[in-house]
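Structure assessment
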Amino acid sequence: MLSVARRPISGAVPAGNLLGIHLFKCPDTVGIVAKLSECIASRGGNIHSVDVFVPEDKHVFYSRSEFTYNPMLWPRDELHKDFLSISHFFSAQRSTVRVPDLDPKYKISVLASKQDHCLFDLLYRWQEGRLPVDINCVISNHDRPEDNHVRRFLQRHGIPYHHLPTTPGNKREQEILELIEGTDFVVLARYMQILSESFLKSYGKDIINIHHGLLPSFKGGHPSRQAFNAGVKLIGATSHFVTNELDEGPIIEQMVERVSHRDTLQSFVVKSENLEKQCLAEAIKSYCELRVLPYELKKTVVF
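Each chain has its residues counted from 1, running along the sequence as written. Local features in this predicted model are restricted to residues whose pLDDT is 70 or higher, and side-chain atom pairs enter the listing and the counts only when it is 80 or higher, whereas totals over whole chains, interfaces and linings include all residues. Values shown for side chains rest on all heavy atoms present in the structure; no hydrogens or waters enter the calculation.

Thoughts on the overall build of the chain
Put simply, the rule reads: Numbering of helices and strands starts at the N terminus; helices are DSSP runs of H or I of at least 4 residues and strands are runs of E of at least 2. Atoms considered for the radius of gyration are the C-alpha atoms alone. The globule rule reads 2.2 Å times the number of residues to the power 0.38. Only protein chains enter the accessibility calculation, which uses a 1.4 Å probe; a residue whose area is less than 20% of its type maximum is buried, one above 50% is exposed, and one in between is partly exposed. Residues count as neighbours in contact if any of their non-hydrogen atoms are within 4.5 Å of one another. Accessible surface area values rest on a Shrake-Rupley calculation with a 1.4 Å probe, where residue burial reflects the displayed protein chains alone. Only four residue types enter the charge count, namely Lys and Arg as positive and Asp and Glu as negative; His and the chain termini do not. In plain terms, the charge of a residue is placed at NZ if it is Lys, CZ if Arg, CG if Asp and CD if Glu.
On a plain count of helices and strands, the chain comes out with eight helices and 13 strands. For the chain, the C-alpha radius of gyration of 21 Å lies close to 19 Å, the compact-globule estimate for 303 residues. The dimensions of the chain, computed from C-alpha atoms along their principal axes, are 60 × 40 × 40 Å. Residue burial in the chain is summarised as follows: out of 303 residues, 46% are buried. Once local pairs closer than 6 in sequence are excluded, the contacts in the chain between residues at least 24 apart make up 67%. Total accessible area on the chain stands at roughly 15,300 Å², and carbon and sulfur atoms take up 52% of it. Computed over 36 positive and 36 negative side-chain charges, the inter-centroid distance for the chain is 4 Å.

What follows is the structure in structure tokens.
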């Protein structure tokens, strides 16, 4: 495995140049890194970082590269064609290139239920420019008054809010599908409803969820109380992709924090919610920065 230390995205880009990111997955063979480097160098580009992973027991090559280049010398459409040519040459399963300063931000929808902590944290990070997304709408099965802080924030920023109450017999999935049409991915910010297999197939794109613990522990209702009563010493949060199997999707990010006998249920919940917010935001950021690739059936490579 070749790995160059991860640097903050967009760091130290020379004046007049742009940052490009390339994510790649293909059958492993000799010369892939050389071919990628030659492509970038031949256009006057300069590689800032590259991370490569080749599993010992799998014939698969994964890589993520950050490079700077002059858009006058390497127009965006030509950049796309060059990487597409490499993709065909190596029979790649995945080849994605992004130029954050040129390409549209990822368009997302956020689904939430009663709890506001993850939802409002995402809205705040979006407002601060710390998440490279555009929020298409917020959908909730729980009603919020007009003077609720979330509703006021959404109204102030022109983000539609849709209240779609659900019942065991009607999850409002067709209406949700219509509202999220055209998005690049969906975020579940503590949305306490199970999405059906039919819904997942109809949407056909990635859905990122946040789970209140280190999967697969403490499923079901009142997870913090379950963990508190069990006397755990470490609590956590898990962000993962949604699949047909409940809370079994490939994990993107996990975070932990130590707790003790001195914690009350209230302090326990506060720590847990803080982890959930951080973990979900980091997963979204990693996804948008092309750091996440599927690995085997239930795993991910996260550069």
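So, the packing of helix α3 (residues 117-127) against helix α8 (residues 265-288)
Using the following cut-off: Axes, fitted as lines to C-alpha atoms, cover a helix only where it is in contact. Angles between the N-to-C directions of the axes lie from 0 to 180 degrees. For classification purposes, angles smaller than 35 degrees are called roughly parallel, those larger than 145 roughly antiparallel, those between 65 and 115 roughly perpendicular, and all remaining angles oblique. Rotating anticlockwise by less than a right angle from the far helix to the near helix defines a left-handed crossing, while the corresponding clockwise rotation defines a right-handed one.
In contact at an axis separation of 9 Å, α3 and α8 are set at 45 degrees when each is read in the N-to-C sense. Regarding the angle of α3 to α8, the classification is oblique. α8 is crossed by α3, and the crossing has right-handed handedness. For the pair formed by α3 and α8, the contact residues are H117, C118, D121, L122 and R125 on the first element and E273, E276, K277, Q278, L280, A281 and I284 on the second.

Observations regarding helix α2 (residues 76-89)
Going by this rule: One less than the residue count of a helix, multiplied by 1.5 Å, gives the span that helix is expected to have. Note: the arc covers the axis-to-C-beta directions of the helix.
Here α2 contains 14 residues, and its C-alpha end-to-end distance of 20 Å stays within 8% of the 20 Å for a straight helix at 1.5 Å per residue. When α2 is considered as a whole, its buried residues turn out to be L79, D82, F83, I86 and S87. Buried residues along α2 cover an arc of 145 degrees about the axis, so they all sit on one side. Every exposed residue of α2 that faces more than 90 degrees away from the buried side is listed here: H88 and F89. Downstream of α2 by a residue or two, S91 has a phi angle that is positive, lying close to 50 degrees.

Topic: the pattern of salt bridges
The test is simple: We define a salt bridge as a side-chain nitrogen of Lys or Arg found within 4 Å of a carboxyl oxygen belonging to Asp or Glu.
If you walk through the whole model with that rule in mind, you get 18 salt bridges. Here R190 ties to E276 by a salt bridge, and the two come within 3.2 Å at their closest N and O atoms. Here R190 is found in the loop between β8 (185-188) and α6 (197-203), whereas its partner E276 is found in helix α8, with 86 residues between them in sequence. Since its relative accessible area comes to 3%, E276 is described here as buried. Measuring nitrogen to oxygen at the nearest pair gives 3.2 Å for the salt bridge that ties K201 to E197. Here K201 pairs with E197, and both are found in helix α6, just four residues apart, close to one helical turn. Connected via shared salt-bridge partners are R64, E66, K285, E289 and R291.

Regarding the packing of α3 against helix α4 (residues 149-157)
Taken N-terminus to C-terminus, the directions of α3 and α4 make an angle of 30 degrees; their axes are 11 Å apart at the nearest point. Taken together, α3 and α4 sit at an angle that is classed as roughly parallel. The two elements α3 and α4 cross, and the hand of that crossing is left-handed. Here α3 contributes L119, F120, L123, W126 and Q127 to the contact with α4, which in turn contributes H149, V150, F153, L154 and H157.

Considering the UniProt feature "domain: ACT" (unreviewed entry) in the chain
For the record, the criterion: UniProt positions are given in the numbering used here, feature names are shortened, and annotations may be inferred rather than shown by experiment.
Taken from the UniProt record, the annotation "domain: ACT" (unreviewed entry) applies to residues 21-97. Across residues 21-97, helical content stands at 32% and strand content at 38%; the span's end C-alpha atoms are separated by 6 Å.

A word on the packing of aromatic side chains
Put simply, the rule reads: Between the rings of Phe, Tyr and Trp (Trp by its six-membered ring), a pair exists once the centres lie within 6.5 Å; its type follows the angle of the planes, with under 30 degrees stacked, over 60 edge-to-face, and the other angles tilted. Charge-over-ring placement is defined geometrically: NZ (Lys) or CZ (Arg) within 6 Å of the ring centre, and within 35 degrees of the ring normal.
Enumeration over the complete set of coordinates arrives at 17 aromatic pairs. Aromatic pair W126 and F153: ring centres 6.3 Å apart, planes at 70 degrees, arrangement edge-to-face. Here F153 lies in helix α4 and W126 lies in helix α3, a separation of 27 residues in the sequence. Owing to a relative accessible area of 3%, F153 belongs among the buried residues under this scheme. Joined through ring pairs, the aromatic side chains of F24, F61, F89 and F90 make up one cluster. Note that K35 overlies the ring of F89, its terminal NZ or CZ placed 4.9 Å from the centroid. We note R98 situated over the ring of Y106; from NZ or CZ to the ring centre the distance is 4.2 Å.

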